[in-house]
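Now for the letters of each chain:
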Amino acid sequence: LKVARLLQKELGNIFISLGKEHSSSSLITVTSVTISPDLGFAKVYISIFDKDANGLFHLLNQSLFQIRKTLAARIRNELRRVPEITLFRDDSLEYVMKMEGIFDKIKKG
């Protein structure tokens, strides 16, 4: 859990700067991180708030090597080895907003 929280915090900071580079209105948040027992692999779940969320997610996946390199520089004193990172979209907030819209239509209906 300690390593997962560390990765979530540091990746969040990295994604903030990447979001600003892409667009001033982009917001990328790391919602959760799960790590394999051997600390070799990390699943990173992110929420993207942007007009072109799919394009930004694709850009992040293409930049994964650079993201991992930046992460390694930030956590080099805490971890010996930086885990391999796999990004997943967390679209739970989008789902909630969609469902609220449906419920509002039913109430007005």
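Structural data are supplied above this passage.
Residues numbered from 1 in each chain as written. Predicted model: local features only at pLDDT ≥ 70, side-chain atom pairs only at ≥ 80, totals over all residues. Heavy atoms only, no water.

Draft legend 1. Up close: the sheet that holds strand S3 (residues 84–89). Ordered by their spatial adjacency, 3 strands build an open sheet running S1-S2-S3, and the pairing between neighbours is mixed. Among the strands making up the open sheet, the edge pair consists of strand S1 (27–35) and S3. Strand-to-strand twist of the sheet, defined as the mean angle between neighbouring strand axes without regard to direction, takes the value 30°. Against the sheet, helix H2 (residues 53–62) contacts S1, strand S2 (41–49) and S3, and its axis sits at roughly 175° relative to S3. (Pairing = 2+ DSSP bridges. Helix = DSSP H or I, 4+ residues; strand = E, 2+ residues; numbered from the N terminus. Axes fitted to C-alpha atoms, helices over the stretch in contact; angles between N-to-C directions. Contact = heavy atoms within 4.5 Å.)

Draft legend 2. Region of the structure containing the nonpolar core. Ranked by size, the top nonpolar core spans 25 residues in total, and within it Leu11, Phe15, Val44 and Ile46 carry the most contacts. Where this core is concerned, the elements lending two or more residues are helix H1 (2–22), S1, S2, H2, helix H3 (64–75) and S3. Considering every element that reaches this core, the biggest residue donor is H1, with 6 residues. Beyond its immediate stretch of four places on either side in the chain, Val44 contacts Leu11, Phe15, Val30, Ser32, Val33, Ile85, Thr86, Leu87 and Phe88. (Core = buried A, V, L, I, M, F, W, Y, C linked by side-chain atoms within 4.5 Å. Buried < 20%, exposed > 50% of the residue type's maximum accessible area, 1.4 Å probe, protein only.)

Draft legend 3. Looking closely at the packing of aromatic side chains. In total, this model carries 1 aromatic pair according to the counting rule given. Their ring planes at 25° and their centres at 5.3 Å tell us that Tyr45 and Phe88 sit as a pair that is stacked. Pair noted here: Tyr45 is in strand S2 and Phe88 is in strand S3, with a separation of 43 residues, a long-range link. The class for Tyr45 is partly exposed, based on a relative accessible area of 26%. (Phe/Tyr/Trp six-rings, centres within 6.5 Å; stacked < 30°, edge-to-face > 60°.)

Draft legend 4. Here's a closer look at the side chain of Asp90. For Asp90, the location among the structural elements is in the loop between S3 and helix H4 (92–108). Buried Asp90, no salt bridge; nearest opposite-charge side chain is Arg89, N-O distance 8.5 Å. A polar contact of 2.8 Å, which involves the side chain of Asp90, links it to the side chain of Thr31. Ignoring any residue separated from it by four or fewer positions in sequence, one finds Asp90 in contact with Thr31, Tyr45, Ile46 and Ser47. (Lys, Arg positive; Asp, Glu negative; His and termini not counted. Salt bridge = Lys/Arg side-chain N within 4 Å of Asp/Glu carboxyl O. Polar contact = N/O pair within 3.5 Å; in protein donor to acceptor, adjacent residues only side chain to side chain.)

Draft legend 5. H2, seen in detail. Among the residues of H2, those classed as buried are Ala53, Leu56, Phe57 and Leu60. In an axial view of H2, the angular spread of the buried residues amounts to 100°, which keeps them on one side of the axis. Facing away from the buried side of H2, by more than 90 degrees, are the exposed residues Asn54 and Gln62. (Arc of directions from axis to C-beta.)

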